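# Coordinate inspection notes
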Amino acid sequence: MDDDGPEEAFAALKTEHLGVWGVAQIAAGTGLAVYAMWVGILQPGFRKVPLKLQASEESSLRALEGLMTEFFHSCTTNERKREIEELLNNFAQQTGAWRHCLFFLSNTRNEYVMMYSLTVFENLVNKMWIGVASQDKMDIRSCLPKLLLAQHKAVPYFIRNKLCKVIVDIGRQDWPMFYHDFFTNTLQLIQSPALASLGLVMLKTTSEELACPREDLSVARKDELRKLLLEQVPTVLGLLTGILETYGDKHSVIASTPPPSPTSGESVELLGSLFQGSQYSKLLCQPMATLDNESQQLCCLVLECLAHLFSWIPLSTSITPTLLASIFHFARFGCDLRPKTKTGSFISSNSSSSNGQLNAGTLPPTSNGGGRNGQQSEGNKVDRARLGVLAMTCVNELVSKNCVPMDFEEYLLRMFQQTFFLLQRLTRENNAHTVKSRLQELDESYLEKFTDFLRLFVSVHLRRIESSPQFPIVEFLALLFKYTFNQPTHEGYFACLDIWSVFLDFLTTKIKSRLADRESVLNRYKDALVLLLREVLNRIQFRYNQAQLEELDDETLDDDQQTEWQRYLRQSLEVVAKVMELLPSHAFSTLFPVLQENLDVYMGLQQFIVTTGTSRRLNISAENDCRRLHCSLRDLSSLLQAVGRLAEHFIGEIFAARFSDALAVVERLVEVTCYGSQTSLYDLETAVPSVLKPDLTDVHAQALAALQAYSHWLAQFYSEVHSQNQSQFINLITSAIDASSPLITAKVPEKLLLSACHLMVSITSTVRPVFLVSLPAVQNIFNLITTENQSHRLPQEAHMLVCRALSNMLLLPWPNLPENEQQWQTRSSNHASLLAALTREYRVLRGTVNITPRQPDLNNMKAVIQQTLPVLRDIVDSISGESTKSRQICYQSLQESVQVSLSLFPVFIQQPDVTDEMLAFFLTLFQALRVQMGVAFTGQIIHTFLSMFTREQLAASILQEGSAGCRVVQKFLKILQVVVQEPGQAFKPFLPSILSLCMEQVYPVVAERSSPDVKAEMFELLYQILHQNWRYFFKTSVLTSVQRGVEDTMENEAQFTAAMQAFGQSFLQPDIHIFKQNLSYLELLNTKHKLYHRKLFRTSMLFHFINVLLQVLLHKSHDLLQEEITVAIYNMASVDFDAFYSAFMPEFLNGCQGVDTSQRAVLARNFKLERDLPSFTQSVQRLVNDLRYYRLCNSSLPTGTIKL
C-alpha cells in the first residue's frame, strides 16, 4: 500500500474505473478463492462493471476498513468522526457506488464495512431506486441474492438480516412486474432443508416490510402488495404447518417409559366436558417432541413468522385446525419442567434473537465433557421455554382480533379448549410440585404471555363463548382461581386481579341486562365469587400472608402517587367492592366478622396501658406479642379501608334493605373512633415505637376515614328516618364529633389530624345536622380557631379544613326544613363574626396602603396575605354551587376583605408570588360570587386590573416561563374568561378593552414563543369572547336567520379577522396541545354559530385554513391529530363542495412543489368527488401519502433526468 492516507485511497474510487478484464486480472493475480467466486458467480450478472485496478481496489478496501475501525474506536474525537462521516456520505451519494460496495461485501470480514456497504444499498433502493438504470437494477437483483446464498452462514446474523432486508426492499419496489421470482425464491428456500432458516428470515422480513409498508409507496402500490401477499397466505401457512408437523412428529419420543418420566404421555384428567368429541384432544396428550438445537431454532423462526403473519392477515379458514394443533403442541413447551439431569445431546446456547440469530455457522463447538451437562440442559430449557413463548405469542395475535367471521367461531372455540388444556397443565399439583413452585420454575415471559391470553379471552371473547354448552365456564373459573392465587410475582398477581375485574364487570353488565333471570345467572357463579372474595381478603391480611406483604414497598411513590402496598390494597379492594355489588349480603357477612375479630384485639389494648407519672406506655414487650399485634393492627387498617370502600353499596335504592347492616358498621366505627380518641393510643410509649406507634396512628386515622365514607349514608338516614330514630341519629353524630374534636390540635400526628378534619368537613357539608352548632365540642373548635394564639395554630391544610367546616355549618341550608326555619339571621351574624376573627390581621393591612413599608414589615404583610387568602378562597369555593342565600351571606361576611384585597393589589403588583395569591382569590370570587358582588364593584375590579397590567408588565411576566409572574397572567386571563361568559349586557362595555388586551398586549408577546400555559388561557379567552358574544361581531336578527340568501351584518370586522389569524397562526406552531385545543374551538364555533358558513370566513379565510391543515398533514408534524385534522378539513370543505373540488383542489395541487404535471393529474384523479366523511377521509389520506411519495421519488432522480 502506498503512502497515501486512507481518505485519499478511498476517495480515489470516485474517479478511476476499470472494465471486466481488470476484474479477471484481480482474480488471477491474487489467487484468492473469494475473488474467483466473485468472477465466477457474480460477474455473469453484469454487462459492464467499471471497477478500479487490483491494487487500488484492494487498497481502497483496506483504507475503508481502517476508516471504519477508526470511526468506532473509543479514542477517536467527535471532530474526526464528523470528517469520516462526511467522506463516507459523499462516497455513498455518487452514482455507481453500489458496485464498489458489492466488491467490499464479497471481500471483507470487517463487520463495520459490511454494514456500511449494505446501508449504501438500502439507501439506493429506498431513496434513489426510481432513478437507477434498468440494467443496473437487473444486476443488483441478480447479485444480492447470490451473495446471500454464498455468505449467509459465514457472516454474523445481523449482517445476514440486513442483506435480507435490502433484497426484500427491492421486492417491495419491483415484485412481481420486474422481480417476478422474488416470492417464489423465498418459498423455495423454505422448502430446502439446508436453507429453510434463511427462507424463514426472508419470509418474516417480507411480512414486516410488505404487509404494512412505510409511506415511501403510493397507496395503489400498498394495496397491490397487500393483495399479492394475501393470495400467497394459504401456500405460506401450508408450508409453515408442514415444518411444524414434521418436527413435531419426527422428534416425538415414543411413550415407552412409565410415568412420571417427563417424556411420557401423562394421563391428564380433561377439563370437564371440554374435549368430548374433540379429535385434537389426543394430539394434545401426545408426548412432547425432543428437539435438537437446530430444530429448535427452525421452529422458533416458523413461530416468529406465524406471529407476524397473524398480526395482519384476517381470520379465515386458511388457519387450519392442523396448524392450530401444531402451534399448541409447541405452546406446551412453556409448561415443561425438565429435570436438570436429563441432558441428552442438547447443545447449550443463548436465547436467539427475534430473527433467529443462532445458526449452524455461529454455534459454539460442542463439548462432550460431563461438566457441561447441567449448562447444556439449562440452555436447552431456555430454548424450549422460548418455543412456548413464541407459540403463545401466535395464539395471542389471533385472540386479540375482535372481528371474528362466523366460519371461524368454531376454530376459536377449539383454540380456547386447547389453551385451557394448557391452563390445567400449569395448575396441576403432584407429589413433586405444588402449583406455586411449578409456576415459579416456568419462564417468566411464558407466564406473562399466558396471562395476556387470559385477559384477551375474558375481555374480548367471553361474551361469545360463555353460553356455549361445549365450554365449561365454571371449571375455567376454578382454573383461573388456582392460576391467580399461585402467581410467583406481585406483578403477575396484579395482572390476574385485572382479569377478575374485567370478568366481574362483564357479569354485572349481563345481570343488569337480564334482570328476569338474575338469580339463575348469579347462582351459576356464586361459588366462584365467594371463593374469590375470601381469598382476596386473605391476601391483604398479614395474618395469612405476612411474608409476601412485608416485601411490598410502602414508602416510594409511583406515577399515580401511591406506594406499592397502597396499589396492592387498592386493586384488591376494587375486586372486593365488585363482588359486594353482586353478592351484597354474602360479602358483608364474610367481611364483618373478620373486622370484628381484629377490632376486639384493638379495643382490648386499654387493659395493657400503664400510667406512671406523666408518661403512658403500652405494656406489651415480648417480641412474639409485638409481632402479632403489628400484624393485627395492619390487618385492621386494611379491613377498615375495605369497609369504607363498601359504603356506596348501602345507599340509594337499597338503603332500607341493607339498613341494619350499615347501622351495625357505623355504630362500630363510631365506637372505635371514640375509643381511640379517649385512650389516645397514638400518644403511648411502646416497646417497638418505630413500628407500633405508626400502626396505632394508622388504625385510628383509617377508622375516621371509614366513618367519613358513610357520610352519604348518614345524610340519607337523616332525611329518611330522622323523625322515628332521632335520638339514635343524634347520638351517632354527637359521638362522631366527640371523637374527632379532641384530635384537632397541633400536638396530634398530622395524618390523624387531617383525618379528623376531613370527617368534620364531610359531616358539615354532606349530613348538615341542624343541632351541630350547639354541640359543646363544636363550640370549643370555634374558640380554638378564632383566638389569636399563634402558638396553637394548626398546620395550614388542617386550618383550612376546619375553617371550611365551621363556615359550612353556618352557610349551608339544613335539609328537611322550610326556608323560614333556617335561622338565616342568626347564622349570618355568626358567620360575620367567624370571618371577622379569621381576617383580623388581614384587614389591618388596609391602613398601610399609602405607606412604603420596610422590608421586615413587607415580609410580615406577605405572610399574613399568604395565610389568610387561601382560607377565604377555600370557604368561597366550598359554597360556589350552593343556594343564593348561602352565597349572599358569604359575600356580606367577606365584603371588607375583598375591598382590602383590591386596595392592596397595586402595592404588591411587583411581587408576583403575592399577586398570584390575590388573583387566585379574585378568580374564585368571580366564579362563585360575581352576582353578589354586583356590576359596579365588579367593573371597578376589572378596571383596576386592566389599568395595572401594562404591556411591559405582561411581557416581563410572560417571558419568565413557569414563574409566579407567568401564573399571575394565567389567572388574570381566567378572570377575564369568567367576565366574558356572563350573560346580559352588564359587562359588555369591557369587551373592546379585553379584546384589545388580548390581541394587542398578550398575543404579540406569546405569538413567537412557546409560552404554552399563557397561550392556552389566551386562546380560551378568545374562544369565549367569540362564543359568548357572537352578536358583537354578527348582528344576525331572527328574520335574517330564517331567510336564506340574506348575508350577515358584520361589525368589528378587524378584531374578528385578527382573532381568526391568531388561530390560524397557532396551527403553524409545533405545540400539539395548543393545536388540538384551537382546532376544537374552531369546530365548536362552527357547530354552534356556523362559523365556516359566514361570508367573511367563507370568502377570505376558508381555503387558507384548509391549505394550512393539509400542509400540516403533509409535513407529519402533528400526526397524533390526523383524525381531528381530517374531520375539520371535511367540515370546512362541506360548506361548498363544488368550490372545494373545482377551485381549491386545482389551486392547491398547482401550488405543490416537487411534483410534475402528470403526477398532479394522477393526484387530482385519485381524489374522488365524494361527499360523505369516510370516503372523503380516505381521499385525503391517499392524497397526503401519494404526494409525499411523489416528492420522495422526484428528489431521488439524478440531476438532469428527463421526465416523459
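One structure accompanies this document, and this report is about it. (Residues numbered from 1 in each chain as written. Predicted model: local features only at pLDDT ≥ 70, side-chain atom pairs only at ≥ 80, totals over all residues. Heavy atoms only, no water.)

## Concerning the nonpolar core
In this structure, Leu-306, Phe-476, Phe-503, Tyr-602 and Trp-713 are the most contacted members of the largest nonpolar core, which totals 401 residues. Considering each element in turn, this core owes the most residues, 12 residues, to helix H14 (residues 293-312). Those residues in contact with Phe-476, other than ones at most four positions away along the chain, are Phe-420, Leu-423, Leu-454, Phe-457, Val-458 and Phe-471. (Core = buried A, V, L, I, M, F, W, Y, C linked by side-chain atoms within 4.5 Å. Buried < 20%, exposed > 50% of the residue type's maximum accessible area, 1.4 Å probe, protein only. Helix = DSSP H or I, 4+ residues; strand = E, 2+ residues; numbered from the N terminus. Contact = heavy atoms within 4.5 Å.)

## Considerations on the pairing of strand E1 (residues 609-612)
As defined by bridge partners, E1 adjoins strand E2 (residues 615-618) across four bridges and the pair is classed as antiparallel. Of the residues in E2, the one forming a bridge with Thr-611 is Arg-616. Adjacent in sequence and paired antiparallel, E1 and E2 are bridged by two residues, among which Gly-613 carries a positive phi angle near 65°. (Pairing = 2+ DSSP bridges.)

## So, the environment of Phe-650
As for its position among the elements, Phe-650 is in the loop between helix H26 (623-645) and helix H27 (659-679). The spatial distance from the C-alpha of Phe-650 to the C-alpha of Leu-663 is 9.7 Å, given a sequence separation of 13 residues. With sequence-adjacent residues up to four places away left out, Phe-650 is seen in contact with Met-580, Phe-588, Phe-655, Arg-658, Asp-661, Ala-662, Tyr-710 and Trp-713.

## Considerations on the pattern of salt bridges
This model, assessed by the stated rule, comprises 38 salt bridges. Note that Glu-122 is salt-bridged to Lys-162, the shortest N-O span being 2.8 Å. You can see Glu-122 sitting in helix H7 (residues 111-127) and its partner Lys-162 sitting in helix H9 (residues 157-174), a full 40 residues away along the chain. The pair formed by Glu-122 and Lys-162 is uniform in burial state, with each residue classed as buried. A salt bridge links Glu-122 to Lys-165; the nearest nitrogen and oxygen atoms lie 3.0 Å apart. Placement of Glu-122 in helix H7 and of Lys-165 in helix H9 is noted, with a sequence separation of 43 residues between them. Each member of the pair Glu-122 and Lys-165 is classed as buried. (Salt bridge = Lys/Arg side-chain N within 4 Å of Asp/Glu carboxyl O.)

## Some details on the packing of aromatic side chains
For the structure shown, the criterion picks out 71 aromatic pairs. Geometrically, the ring pair formed by Phe-1033 and Phe-1056 is tilted, given 5.8 Å between the ring centres and 55° between the ring planes. One end of the pair, Phe-1033, is in the loop between helix H43 (1012-1028) and helix H44 (1038-1042); the other, Phe-1056, is in helix H45 (residues 1053-1066), with 23 residues separating them in the sequence. Here Phe-1033 matches Phe-1056 in class, with each residue buried. Ring centres of Phe-1137 and Tyr-1141 lie 5.9 Å apart, and the angle between their planes is 20°; on these two criteria the pair is classed as stacked. Taken together, the residues span about one helical turn, with Phe-1137 and Tyr-1141 both in helix H50 (residues 1137-1151) at a distance of four residues. (Phe/Tyr/Trp six-rings, centres within 6.5 Å; stacked < 30°, edge-to-face > 60°.)

## Remarks on helix H33 (residues 796-811)
Over its 16 residues, H33 extends 22 Å from the first C-alpha to the last, a length consistent with the 22 Å expected when each residue adds 1.5 Å. Across the 16 residues of H33, 13 count as buried, placing the element largely inside the fold. (Expected span 1.5 Å × (residues − 1).)

## Points about the environment of Ser-735
Here Ser-735 is to be found in helix H30 (residues 726-740). Along the backbone, Ser-735 and Glu-667 are 68 residues apart, and their C-alpha atoms lie at a distance of 9.6 Å. Excluding its chain neighbours within four sequence positions, the residues that come into contact with Ser-735 are Val-670 and Cys-674. A polar atom in the side chain of Ser-735 sits 2.7 Å from the backbone oxygen of Asn-731. (Polar contact = N/O pair within 3.5 Å; in protein donor to acceptor, adjacent residues only side chain to side chain.)

## Thoughts on the packing of helix H23 (residues 542-551) against H26
When two helices pack together, their arrangement is given by the angle between the helix axes and the distance between those axes. Following both chains from N to C, one finds H23 and H26 inclined at 95°, their axes separated by 10 Å at the closest point. Here H23 is positioned roughly perpendicular relative to H26, judged by the angle of their axes. Seen from H23, the contacting residues are Phe-542, Arg-543, Gln-546 and Glu-550; seen from H26, they are Arg-627, His-630, Cys-631, Arg-634 and Asp-635. (Axes fitted to C-alpha atoms, helices over the stretch in contact; angles between N-to-C directions. Parallel < 35°, antiparallel > 145°, perpendicular 65-115°, else oblique.)

## Remarks on the environment of Met-68
Inspection of the secondary structure puts Met-68 in helix H4 (residues 54-71). Exposure remark for Met-68: the relative accessible area of 6% places this residue in the buried category. In this view, Met-68 contacts Leu-88, Tyr-112, Val-113 and Tyr-116; residues no more than four positions away in its chain are not counted.

## Some points on unusual backbone geometry
Following Trp-175, the chain continues to Pro-176 via a peptide bond in cis, the omega torsion being 0°. When you line up the elements, Pro-176 lands in the loop between H9 and helix H10 (182-191). One non-glycine residue, Gln-561, lies in positive phi territory at about 60°. Along the chain, the position of Gln-561 falls in the loop between H23 and helix H24 (564-582). On the basis of relative accessibility, which here comes to 56%, the residue Gln-561 falls in the exposed class. In this model, Asn-1052 sits at a positive phi of 50°, which is unusual for a non-glycine residue.

## Focus: the packing of H50 against helix H52 (residues 1173-1196)
Following both chains from N to C, one finds H50 and H52 inclined at 5°, their axes separated by 14 Å at the closest point. As the angle between them shows, H50 and H52 are arranged roughly parallel. Contacts between H50 and H52 involve Phe-1137, Phe-1140, Tyr-1141, Met-1145, Phe-1148 and Leu-1149 from the first element and Phe-1176, Leu-1183 and Leu-1187 from the second. Within the contact of H50 with H52, the residues separate by chemical class into nine nonpolar, no polar and no charged. (Nonpolar A, V, L, I, M, F, W, Y, C, P; charged D, E, K, R; others polar.)

## Observations concerning helix H8 (residues 134-151)
Here H8 spans 26 Å end to end across 18 residues, near enough to the 26 Å set by a 1.5 Å rise per residue. Along H8, the residues that are buried comprise Asp-136, Lys-137, Asp-139, Ile-140, Arg-141, Cys-143, Leu-144, Leu-147, Leu-148 and Gln-151.

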